[in-house]
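Spelled out from the first residue to the last, the chains are:
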Amino acid sequence: MARVYNFSAGPSTLPVSVLEKAGAEILDYKGSGQSVMEMSHRSKVFDDIIKEAEALMRELYQIPDNYKVLFLQGGASAQFSAIPLNFMNKNGKADYIITGQWAKKAYQEAQKYGDVVAAASSADKTFSYIPKTKPEDFREDADYVYICLNNTIYGTKYQELPPVGDKVLIADVSSCALSEPLDISKFGVVYFGAQKNVAPAGLVVVIVREDLLGNARDICPVMMDYKVQADADSLYNTPPCWTIYICKLVLEWIKETYGDLEGMKKHNEEKAKILYDFLDSSEMFKGTVVPEDRSLMNVPFVTDSDELNAKFIKEATEAGFVNLKGHRTVGGMRASIYNAMPTEGVVKLVEFMKRFEEENK
Ligand SMILES: *Cc1c(COP(=O)(O)O)cnc(C)c1O
(Lines give C-alpha, C1' and ligand atoms only; values in the text may rest on other atoms or scores of the structure.)
Protein backbone atom coordinates (compact mmCIF):
# COMPACT_ATOMS: atom_id res chain seq x y z
CA MET A 1 0.00 0.00 0.00
CA ALA A 2 1.41 3.36 -1.00
CA ARG A 3 0.32 6.27 1.12
CA VAL A 4 1.53 9.72 0.16
CA TYR A 5 2.64 12.43 2.54
CA ASN A 6 -0.37 14.71 2.41
CA PHE A 7 0.29 18.37 3.25
CA SER A 8 -3.27 19.48 2.51
CA ALA A 9 -4.63 22.40 4.54
CA GLY A 10 -7.96 20.60 4.93
CA PRO A 11 -9.47 18.12 4.68
CA SER A 12 -6.14 16.77 5.77
CA THR A 13 -4.20 13.70 6.75
CA LEU A 14 -5.55 11.53 9.58
CA PRO A 15 -3.58 9.14 11.80
CA VAL A 16 -3.15 5.77 10.08
CA SER A 17 -4.10 3.92 13.26
CA VAL A 18 -7.39 5.83 13.38
CA LEU A 19 -8.18 4.92 9.78
CA GLU A 20 -7.30 1.29 10.49
CA LYS A 21 -9.53 1.20 13.53
CA ALA A 22 -12.42 2.79 11.63
CA GLY A 23 -11.82 0.23 8.88
CA ALA A 24 -11.86 -2.68 11.29
CA GLU A 25 -15.12 -1.44 12.84
CA ILE A 26 -16.83 -0.49 9.62
CA LEU A 27 -19.29 -3.39 9.39
CA ASP A 28 -19.80 -4.13 13.04
CA TYR A 29 -19.18 -1.43 15.62
CA LYS A 30 -18.42 -3.13 18.93
CA GLY A 31 -20.82 -6.02 18.43
CA SER A 32 -23.75 -3.80 17.49
CA GLY A 33 -23.95 -5.50 14.11
CA GLN A 34 -24.00 -2.08 12.42
CA SER A 35 -21.65 0.54 11.12
CA VAL A 36 -21.62 3.88 12.94
CA MET A 37 -22.74 5.25 9.57
CA GLU A 38 -25.98 3.30 9.86
CA MET A 39 -27.06 3.52 13.46
CA SER A 40 -29.66 5.78 15.01
CA HIS A 41 -28.27 8.92 16.57
CA ARG A 42 -30.71 8.29 19.42
CA SER A 43 -29.37 4.80 20.13
CA LYS A 44 -27.48 3.93 23.30
CA VAL A 45 -24.46 2.88 21.30
CA PHE A 46 -24.20 6.27 19.57
CA ASP A 47 -24.95 8.08 22.80
CA ASP A 48 -21.84 6.44 24.25
CA ILE A 49 -19.77 7.64 21.29
CA ILE A 50 -20.79 11.30 21.50
CA LYS A 51 -20.48 11.34 25.31
CA GLU A 52 -17.03 9.83 25.12
CA ALA A 53 -15.98 12.32 22.44
CA GLU A 54 -17.13 15.15 24.69
CA ALA A 55 -15.41 13.69 27.76
CA LEU A 56 -12.11 13.34 25.88
CA MET A 57 -12.42 16.86 24.49
CA ARG A 58 -13.00 18.18 28.01
CA GLU A 59 -10.08 16.23 29.37
CA LEU A 60 -7.58 17.19 26.68
CA TYR A 61 -8.55 20.87 26.56
CA GLN A 62 -9.22 20.98 30.33
CA ILE A 63 -12.50 22.69 29.59
CA PRO A 64 -14.03 24.33 32.68
CA ASP A 65 -17.42 22.99 33.83
CA ASN A 66 -19.21 26.21 32.95
CA TYR A 67 -18.61 25.64 29.23
CA LYS A 68 -20.74 23.63 26.82
CA VAL A 69 -19.21 21.53 24.07
CA LEU A 70 -21.38 21.39 20.94
CA PHE A 71 -20.94 19.07 17.95
CA LEU A 72 -22.60 20.81 15.02
CA GLN A 73 -22.78 20.96 11.24
CA GLY A 74 -22.29 23.84 8.82
CA GLY A 75 -18.53 24.02 9.16
CA ALA A 76 -16.59 26.93 10.54
CA SER A 77 -18.19 29.20 7.96
CA ALA A 78 -21.71 28.79 9.38
CA GLN A 79 -20.34 30.09 12.69
CA PHE A 80 -19.41 33.34 10.93
CA SER A 81 -23.17 34.01 10.99
CA ALA A 82 -24.04 32.15 14.19
CA ILE A 83 -21.61 34.19 16.28
CA PRO A 84 -23.13 37.63 15.64
CA LEU A 85 -26.63 36.13 15.80
CA ASN A 86 -25.93 34.62 19.23
CA PHE A 87 -23.61 37.17 20.81
CA MET A 88 -24.00 40.59 19.21
CA ASN A 89 -26.95 41.05 21.47
CA LYS A 90 -26.31 43.83 23.98
CA ASN A 91 -25.05 46.88 22.11
CA GLY A 92 -25.14 45.44 18.62
CA LYS A 93 -21.39 46.04 18.25
CA ALA A 94 -18.42 43.80 17.69
CA ASP A 95 -14.72 44.33 17.00
CA TYR A 96 -12.80 42.04 14.67
CA ILE A 97 -9.07 41.65 14.11
CA ILE A 98 -8.36 40.95 10.46
CA THR A 99 -5.43 38.56 10.15
CA GLY A 100 -6.38 36.87 6.90
CA GLN A 101 -9.10 35.61 4.70
CA TRP A 102 -11.03 33.63 7.31
CA ALA A 103 -11.14 36.51 9.79
CA LYS A 104 -12.17 38.82 6.97
CA LYS A 105 -15.01 36.54 5.91
CA ALA A 106 -16.26 36.35 9.48
CA TYR A 107 -16.04 40.15 9.72
CA GLN A 108 -17.94 40.69 6.48
CA GLU A 109 -20.66 38.28 7.52
CA ALA A 110 -21.05 39.93 10.95
CA GLN A 111 -21.53 43.30 9.26
CA LYS A 112 -24.94 42.13 8.14
CA TYR A 113 -26.08 42.04 11.74
CA GLY A 114 -24.72 45.13 13.43
CA ASP A 115 -22.05 47.75 13.93
CA VAL A 116 -18.88 45.83 13.22
CA VAL A 117 -15.42 47.36 12.89
CA ALA A 118 -11.92 46.12 12.17
CA ALA A 119 -9.99 46.93 15.35
CA ALA A 120 -6.69 45.97 13.66
CA SER A 121 -5.49 44.35 10.47
CA SER A 122 -2.34 42.98 8.89
CA ALA A 123 -3.61 43.36 5.32
CA ASP A 124 -0.88 45.96 4.66
CA LYS A 125 1.77 43.21 4.50
CA THR A 126 -0.28 40.37 3.01
CA PHE A 127 -1.16 39.08 6.48
CA SER A 128 2.41 37.99 7.13
CA TYR A 129 2.26 39.01 10.80
CA ILE A 130 -0.14 39.31 13.74
CA PRO A 131 -0.97 42.97 14.47
CA LYS A 132 -0.15 44.17 17.97
CA THR A 133 -3.13 45.60 19.81
CA LYS A 134 -3.68 47.71 22.91
CA PRO A 135 -6.75 47.74 25.17
CA GLU A 136 -7.82 51.09 23.69
CA ASP A 137 -8.02 49.56 20.22
CA PHE A 138 -11.28 47.91 21.25
CA ARG A 139 -14.52 49.75 21.79
CA GLU A 140 -15.69 49.90 25.38
CA ASP A 141 -19.18 48.74 24.43
CA ALA A 142 -18.25 46.01 21.94
CA ASP A 143 -20.27 42.89 22.68
CA TYR A 144 -17.25 40.79 21.78
CA VAL A 145 -13.83 40.81 20.16
CA TYR A 146 -13.22 38.26 17.43
CA ILE A 147 -9.94 36.70 16.33
CA CYS A 148 -8.71 33.86 14.15
CA LEU A 149 -6.04 32.23 16.32
CA ASN A 150 -4.13 30.42 13.58
CA ASN A 151 -4.30 31.72 10.04
CA THR A 152 -4.38 28.69 7.81
CA ILE A 153 -3.67 30.44 4.54
CA TYR A 154 -0.94 32.84 5.68
CA GLY A 155 0.71 30.67 8.34
CA THR A 156 0.58 33.06 11.28
CA LYS A 157 -0.50 32.34 14.82
CA TYR A 158 -1.14 34.46 17.91
CA GLN A 159 1.56 33.69 20.47
CA GLU A 160 -0.24 35.93 22.96
CA LEU A 161 -3.90 36.83 23.11
CA PRO A 162 -4.94 40.44 22.47
CA PRO A 163 -5.53 42.49 25.65
CA VAL A 164 -9.33 42.65 25.60
CA GLY A 165 -9.79 43.09 29.36
CA ASP A 166 -13.13 41.69 30.46
CA LYS A 167 -14.66 41.82 27.01
CA VAL A 168 -15.79 38.51 25.55
CA LEU A 169 -13.11 37.03 23.30
CA ILE A 170 -14.25 34.72 20.52
CA ALA A 171 -11.76 32.66 18.51
CA ASP A 172 -11.79 30.57 15.38
CA VAL A 173 -9.18 27.90 16.13
CA SER A 174 -10.01 25.65 13.16
CA SER A 175 -6.46 25.08 12.00
CA CYS A 176 -4.75 24.77 15.39
CA ALA A 177 -7.40 22.84 17.31
CA LEU A 178 -5.89 20.36 19.77
CA SER A 179 -2.38 21.09 18.53
CA GLU A 180 -1.33 22.54 21.88
CA PRO A 181 -2.94 23.50 25.21
CA LEU A 182 -5.29 26.47 25.20
CA ASP A 183 -6.67 28.23 28.27
CA ILE A 184 -10.36 28.00 27.39
CA SER A 185 -11.29 30.20 30.36
CA LYS A 186 -9.80 33.20 28.51
CA PHE A 187 -12.50 32.88 25.84
CA GLY A 188 -16.24 33.27 25.63
CA VAL A 189 -16.32 30.99 22.63
CA VAL A 190 -13.78 28.82 20.82
CA TYR A 191 -14.79 26.92 17.73
CA PHE A 192 -13.21 24.80 15.03
CA GLY A 193 -14.14 23.07 11.82
CA ALA A 194 -12.95 19.51 12.35
CA GLN A 195 -11.48 18.77 8.93
CA LYS A 196 -8.18 20.56 9.63
CA ASN A 197 -6.92 18.68 12.63
CA VAL A 198 -9.58 16.53 14.22
CA ALA A 199 -11.77 14.50 11.85
CA PRO A 200 -13.12 14.36 8.32
CA ALA A 201 -15.29 17.25 7.06
CA GLY A 202 -18.83 17.66 8.32
CA LEU A 203 -18.31 18.60 11.96
CA VAL A 204 -17.71 21.86 13.75
CA VAL A 205 -17.04 21.92 17.48
CA VAL A 206 -18.20 24.95 19.47
CA ILE A 207 -17.02 25.43 23.06
CA VAL A 208 -19.11 28.15 24.66
CA ARG A 209 -19.37 29.70 28.12
CA GLU A 210 -22.82 28.94 29.52
CA ASP A 211 -23.68 32.42 30.73
CA LEU A 212 -23.44 33.74 27.17
CA LEU A 213 -26.21 31.44 25.97
CA GLY A 214 -29.89 32.24 25.72
CA ASN A 215 -29.83 35.69 24.14
CA ALA A 216 -29.76 34.88 20.45
CA ARG A 217 -31.42 37.37 18.12
CA ASP A 218 -35.03 36.61 17.22
CA ILE A 219 -34.02 36.12 13.60
CA CYS A 220 -31.38 33.52 14.51
CA PRO A 221 -32.17 30.28 12.64
CA VAL A 222 -32.99 27.58 15.16
CA MET A 223 -30.11 25.42 13.90
CA MET A 224 -27.68 28.23 14.70
CA ASP A 225 -29.05 28.96 18.16
CA TYR A 226 -26.36 27.60 20.46
CA LYS A 227 -28.79 27.50 23.40
CA VAL A 228 -31.12 25.20 21.47
CA GLN A 229 -28.20 22.99 20.52
CA ALA A 230 -26.81 22.98 24.06
CA ASP A 231 -30.20 22.08 25.58
CA ALA A 232 -30.49 19.22 23.11
CA ASP A 233 -26.94 17.94 23.80
CA SER A 234 -26.12 18.54 20.11
CA LEU A 235 -29.00 16.25 19.10
CA TYR A 236 -31.57 18.86 18.08
CA ASN A 237 -31.48 17.14 14.71
CA THR A 238 -29.29 14.40 13.26
CA PRO A 239 -25.67 15.26 14.02
CA PRO A 240 -22.75 14.19 11.80
CA CYS A 241 -22.55 10.80 13.56
CA TRP A 242 -19.72 9.26 11.58
CA THR A 243 -17.51 12.33 11.87
CA ILE A 244 -18.12 12.56 15.61
CA TYR A 245 -17.03 8.93 15.87
CA ILE A 246 -13.79 9.62 13.98
CA CYS A 247 -13.28 12.68 16.18
CA LYS A 248 -13.51 10.38 19.20
CA LEU A 249 -10.91 8.05 17.69
CA VAL A 250 -8.58 10.96 17.00
CA LEU A 251 -8.92 12.22 20.57
CA GLU A 252 -8.10 8.74 21.84
CA TRP A 253 -5.11 8.67 19.51
CA ILE A 254 -3.80 11.97 20.90
CA LYS A 255 -4.18 10.70 24.45
CA GLU A 256 -2.58 7.32 23.77
CA THR A 257 0.27 8.67 21.65
CA TYR A 258 1.14 11.98 23.29
CA GLY A 259 -0.52 11.79 26.72
CA ASP A 260 -1.92 15.30 26.68
CA LEU A 261 -1.80 18.53 24.70
CA GLU A 262 1.59 19.45 26.18
CA GLY A 263 2.89 16.26 24.60
CA MET A 264 1.10 17.07 21.37
CA LYS A 265 2.64 20.54 21.37
CA LYS A 266 6.13 19.18 21.92
CA HIS A 267 5.73 16.88 18.94
CA ASN A 268 4.40 19.74 16.79
CA GLU A 269 7.22 22.09 17.83
CA GLU A 270 9.92 19.56 17.03
CA LYS A 271 8.31 18.78 13.70
CA ALA A 272 7.82 22.41 12.64
CA LYS A 273 11.36 23.31 13.70
CA ILE A 274 12.80 20.87 11.17
CA LEU A 275 11.06 22.70 8.35
CA TYR A 276 11.60 26.25 9.65
CA ASP A 277 15.29 25.60 10.33
CA PHE A 278 15.69 24.46 6.76
CA LEU A 279 13.79 27.49 5.38
CA ASP A 280 16.03 29.79 7.44
CA SER A 281 19.18 28.18 6.05
CA SER A 282 18.09 27.67 2.44
CA GLU A 283 19.23 29.97 -0.37
CA MET A 284 16.29 28.98 -2.54
CA PHE A 285 13.29 28.53 -0.23
CA LYS A 286 12.07 31.28 2.10
CA GLY A 287 9.32 31.35 4.72
CA THR A 288 6.84 34.20 4.20
CA VAL A 289 5.93 34.94 7.82
CA VAL A 290 7.77 37.04 10.41
CA PRO A 291 9.53 34.47 12.62
CA GLU A 292 7.85 35.50 15.88
CA ASP A 293 4.34 34.84 14.54
CA ARG A 294 4.98 31.55 12.79
CA SER A 295 2.33 28.85 12.91
CA LEU A 296 3.18 25.32 14.00
CA MET A 297 0.54 23.98 11.62
CA ASN A 298 0.69 25.83 8.30
CA VAL A 299 4.04 26.74 6.79
CA PRO A 300 3.93 28.87 3.62
CA PHE A 301 7.15 29.30 1.65
CA VAL A 302 8.32 30.54 -1.74
CA THR A 303 11.23 30.57 -4.10
CA ASP A 304 11.89 33.79 -6.01
CA SER A 305 10.32 32.53 -9.22
CA ASP A 306 6.84 31.29 -10.14
CA GLU A 307 8.39 28.84 -12.59
CA LEU A 308 10.57 27.29 -9.93
CA ASN A 309 7.58 27.11 -7.56
CA ALA A 310 5.58 25.25 -10.21
CA LYS A 311 8.48 22.91 -10.97
CA PHE A 312 8.92 22.17 -7.29
CA ILE A 313 5.23 21.42 -6.74
CA LYS A 314 5.15 19.14 -9.77
CA GLU A 315 8.25 17.17 -8.80
CA ALA A 316 7.24 16.98 -5.15
CA THR A 317 3.86 15.57 -6.15
CA GLU A 318 5.54 12.94 -8.30
CA ALA A 319 7.74 12.02 -5.35
CA GLY A 320 4.70 11.50 -3.08
CA PHE A 321 4.57 14.87 -1.29
CA VAL A 322 1.11 16.11 -2.23
CA ASN A 323 -1.02 19.22 -1.78
CA LEU A 324 1.94 21.56 -1.36
CA LYS A 325 0.54 24.27 -3.59
CA GLY A 326 -0.03 27.53 -1.72
CA HIS A 327 -3.52 28.97 -1.42
CA ARG A 328 -4.72 30.52 -4.65
CA THR A 329 -4.65 34.00 -3.09
CA VAL A 330 -1.00 33.70 -2.02
CA GLY A 331 0.82 31.51 -4.52
CA GLY A 332 4.05 29.67 -3.75
CA MET A 333 3.90 26.65 -1.48
CA ARG A 334 2.35 25.75 1.83
CA ALA A 335 3.02 22.67 3.91
CA SER A 336 0.25 22.00 6.41
CA ILE A 337 1.79 19.83 9.09
CA TYR A 338 -1.12 19.10 11.39
CA ASN A 339 -1.07 16.74 14.38
CA ALA A 340 -1.34 13.63 12.22
CA MET A 341 1.61 14.46 9.96
CA PRO A 342 4.42 12.23 11.22
CA THR A 343 7.86 13.76 11.85
CA GLU A 344 9.15 11.42 9.18
CA GLY A 345 6.97 13.20 6.60
CA VAL A 346 8.64 16.53 7.36
CA VAL A 347 12.13 15.04 7.48
CA LYS A 348 11.61 13.47 4.06
CA LEU A 349 10.11 16.65 2.64
CA VAL A 350 13.15 18.62 3.79
CA GLU A 351 15.48 16.02 2.23
CA PHE A 352 13.54 16.39 -0.99
CA MET A 353 13.75 20.19 -0.84
CA LYS A 354 17.52 20.03 -0.26
CA ARG A 355 17.93 17.79 -3.28
CA PHE A 356 15.73 20.05 -5.39
CA GLU A 357 17.78 23.08 -4.36
CA GLU A 358 21.02 21.31 -5.25
CA GLU A 359 19.70 20.28 -8.67
CA ASN A 360 18.22 23.64 -9.58
CA LYS A 361 20.93 26.07 -8.48
C1 LIG B 1 -10.81 26.11 6.82
C2 LIG B 1 -11.08 27.23 7.73
C3 LIG B 1 -12.37 27.81 7.80
C4 LIG B 1 -13.51 27.33 6.95
O5 LIG B 1 -13.94 26.08 7.35
P6 LIG B 1 -15.26 25.41 6.76
O7 LIG B 1 -15.49 24.31 7.76
O8 LIG B 1 -14.92 24.92 5.40
O9 LIG B 1 -16.34 26.42 6.75
C10 LIG B 1 -12.57 28.83 8.71
N11 LIG B 1 -11.57 29.27 9.49
C12 LIG B 1 -10.34 28.75 9.44
C13 LIG B 1 -9.27 29.28 10.33
C14 LIG B 1 -10.05 27.72 8.55
O15 LIG B 1 -8.82 27.20 8.51
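Nothing here was measured: the structure is a model prediction, and the numbers come from that model.

Draft legend 1. Expanded view of the packing of aromatic side chains. Counted under the stated rule, the structure contains 19 aromatic pairs. Between the aromatic rings of Tyr96 and Tyr146, the centroid separation amounts to 4.5 Å while the plane-to-plane angle is 20 degrees, which identifies the pairing as stacked. You can see Tyr96 sitting in strand 3 (residues 93-98) and its partner Tyr146 sitting in strand 5 (residues 144-148), a full 50 residues away along the chain. The exposure class assigned to Tyr146 is buried, which follows from its relative accessible area of 0%. An aromatic cluster is built from Tyr5, Phe7, Phe278, Phe285, Phe301, Phe312, Phe321, Phe352 and Phe356, whose rings are joined through pairwise contacts. In this structure, Lys125 is placed above the aromatic ring of Tyr129, and the distance from its NZ or CZ to the ring centre is 5.8 Å.

Draft legend 2. Spatial organisation of the packing of helix 2 (residues 44-61) against helix 6 (residues 241-258). Contact geometry of helix 2 with helix 6 gives a least axis separation of 9 Å together with a crossing angle of 40 degrees. As far as their axial angle goes, helix 6 and helix 2 are oblique. Where helix 2 crosses over helix 6, the handedness of that crossing is left-handed. For the pair helix 2 and helix 6, the contacting residues are Phe46, Ile49, Ile50, Glu52, Ala53, Leu56, Met57, Glu59 and Leu60 in the first and Cys241, Ile244, Tyr245, Cys247, Lys248, Leu251, Glu252, Ile254 and Lys255 in the second. Broken down by class, the residue content of the contact of helix 2 with helix 6 amounts to 13 nonpolar, no polar and 5 charged.

Draft legend 3. Highlighting the sheet that holds strand 8 (residues 169-172). Strand order across the open sheet formed by 7 strands is 2-10-9-8-5-3-4, with mixed pairing between neighbours. Each edge of the sheet is formed by a strand with only one pairing partner; in this case those strands are strand 2 (67-72) and strand 4 (115-121). Within the sheet, the average angular offset between the axes of one strand and its neighbour, ignoring direction, is 20 degrees. As paired elements, strand 8 and strand 9 (residues 189-193) share 3 bridges and run parallel to each other. Bridge pairing in strand 9 links Asp172 to Tyr191. Sitting on the sheet, helix 2 is in contact with strand 2, strand 9 and strand 10 (204-209), with an inclination near 130 degrees to strand 2. Contacts from helix 4 (residues 101-110) reach strand 3, strand 4, strand 5 and strand 8, with the element oriented near 160 degrees to strand 3.

Draft legend 4. A look at the site of the ligand. The environment of the ligand is formed by 13 residues, the closest being Ser77, Thr152, Asp172, Gln195 and Lys196. Within the side chain of Ser77, one N or O atom sits 2.6 Å away from an oxygen atom of the ligand. Contact distances for the ligand include 2.6 Å between a nitrogen atom and a side-chain N or O atom of Asp172. Burial of the ligand by the protein amounts to 87% of the accessible area it has alone, namely 390 Å². With 4 residues, the top contributor of residues to the shell around the ligand is helix 3 (residues 75-87). Here the residues of the shell around the ligand sort into 4 nonpolar, 7 polar and 2 charged.

The rules behind each value
- Counting restarts for each chain, with residues numbered from 1 along the sequence as it is written.
- Two thresholds apply to this predicted model, a pLDDT of at least 70 for residue-level local features and 80 or more for giving and counting side-chain atom pairs, whereas whole-chain, interface and lining totals are computed over all residues.
- Where side-chain values are given, they derive from all heavy atoms of the structure, hydrogens and water being excluded.
- Any two rings among Phe, Tyr and Trp, with Trp reduced to its six-membered ring, count as a pair given centres within 6.5 Å; such a pair is stacked if its planes are under 30 degrees apart, edge-to-face if over 60, and tilted if neither.
- Going along the chain from the N terminus, every DSSP run of H or I of four or more residues is numbered as a helix, and every run of E of two or more is numbered as a strand.
- A 1.4 Å probe rolled over the protein chains alone gives each residue an accessible area, and that area as a share of the maximum for its type sets the label: buried under 20%, exposed over 50%, partly exposed in between.
- A ring is scored as having a charge over it whenever the NZ atom of a lysine or the CZ atom of an arginine sits within 6 Å of its centre and within 35 degrees of its normal.
- For helices, the fitted axis covers only the stretch in contact; all axes are lines through C-alpha atoms, and the angles between them, taken along N-to-C directions, range from 0 to 180 degrees.
- Each angle gets one of four labels, with under 35 degrees taken as roughly parallel, over 145 as roughly antiparallel, 65 to 115 as roughly perpendicular, and the rest as oblique.
- Helix crossings fall into two classes, left-handed where the near helix is turned counterclockwise from the far one by less than a right angle and right-handed where it is turned clockwise.
- The contact rule is simple, with two residues in contact once any of their heavy atoms fall within 4.5 Å.
- In the scheme used here, Gly and all other residues not listed as nonpolar or charged are polar, with Ala, Val, Leu, Ile, Met, Phe, Trp, Tyr, Cys and Pro taken as nonpolar and Asp, Glu, Lys and Arg as charged.
- At least two bridges found by DSSP between two strands is the condition for calling them paired.
- By convention in these notes, a residue is near a molecule or strand provided one of its non-hydrogen atoms lies within 4 Å of it.
- Whenever two N or O atoms come within 3.5 Å, that pair is a polar contact, provided that in protein one can donate a hydrogen and the other can accept it, and provided that, for residues adjacent in sequence, both atoms are side-chain atoms.
- Only the protein chains shown count as cover for residues, and the accessible areas themselves come from Shrake-Rupley with a 1.4 Å probe.

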